[in-house]
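# Residue-level structural notes
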Amino acid sequence: MHLSKNLLLAEVTKSATAIKRGIANEPTIEHLENLRAIAENVFQPIREEFMCPIAVTSGYRSRELNDAIGGSSRSQHCHGEALDLDADVYGVITNADIFHYIQDNLTFDQLIWEFGTDENPDWVHVSYRKNGGNRKAVLRATRSNGKTVYQHI
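Parameters at a glance
- Residues numbered from 1 in each chain as written.
- Predicted model: local features only at pLDDT ≥ 70, side-chain atom pairs only at ≥ 80, totals over all residues.
- Heavy atoms only, no water.
- Salt bridge = Lys/Arg side-chain N within 4 Å of Asp/Glu carboxyl O.
- Helix = DSSP H or I, 4+ residues; strand = E, 2+ residues; numbered from the N terminus.
- Buried < 20%, exposed > 50% of the residue type's maximum accessible area, 1.4 Å probe, protein only.

### Thoughts on the pattern of salt bridges
- Overall, the coordinates contain five salt bridges when judged by the stated rule.
- Lysine 130 is the salt-bridge partner of glutamate 33, the closest N and O atoms lying 4.0 Å from each other. Of this pair, glutamate 33 sits in helix 3 (residues 29-50) while lysine 130 sits in the loop between strand 6 (123-127) and strand 7 (137-144), placing them 97 residues apart in sequence.
- What makes glutamate 33 partly exposed here is its relative accessible area of 37%.
- Assessed through its relative accessible area of 34%, lysine 130 is described here as partly exposed.
- For the salt bridge of arginine 140 with aspartate 118, the shortest nitrogen-to-oxygen distance reads 2.9 Å. With a gap of 22 residues between them, arginine 140 in strand 7 and aspartate 118 in the loop between strand 5 (110-114) and strand 6 connect regions that are remote in the sequence.
- Looking at aspartate 118, the relative accessible area reads 61%, which means it is exposed.

This is how it looks when you write it as structure tokens:
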């Protein structure tokens, strides 16, 4: 099932952890609507801008899966409102390119520069609320004493 022209539901629900542990990772109808909204309003515009593949390293997560990987109890991934994107694997554009394009051109709730260096994040987290109220919060995730710390940038 396509969520947008270039994004399949299978891409946003696949999880090695879910497969390994036998965890169901099936979105509800509400989650599917949210996934379609982020696919059409965030993912697809990025694909059309850069005309190259972009990997979704994490999309929808059931509560059980989110708990298994140690995700935040407030994770928007559990609502189908967030994607973790990684273009570095293809070598055409960088994750920094994606980050700056989203920041400068798209509506989003949260945009997070996830770890990495000052030049390029390891991946980009982006969330989108289909019913509005998108905060356009721009953050950077770093590690301090083994914990993830988020700073507004």
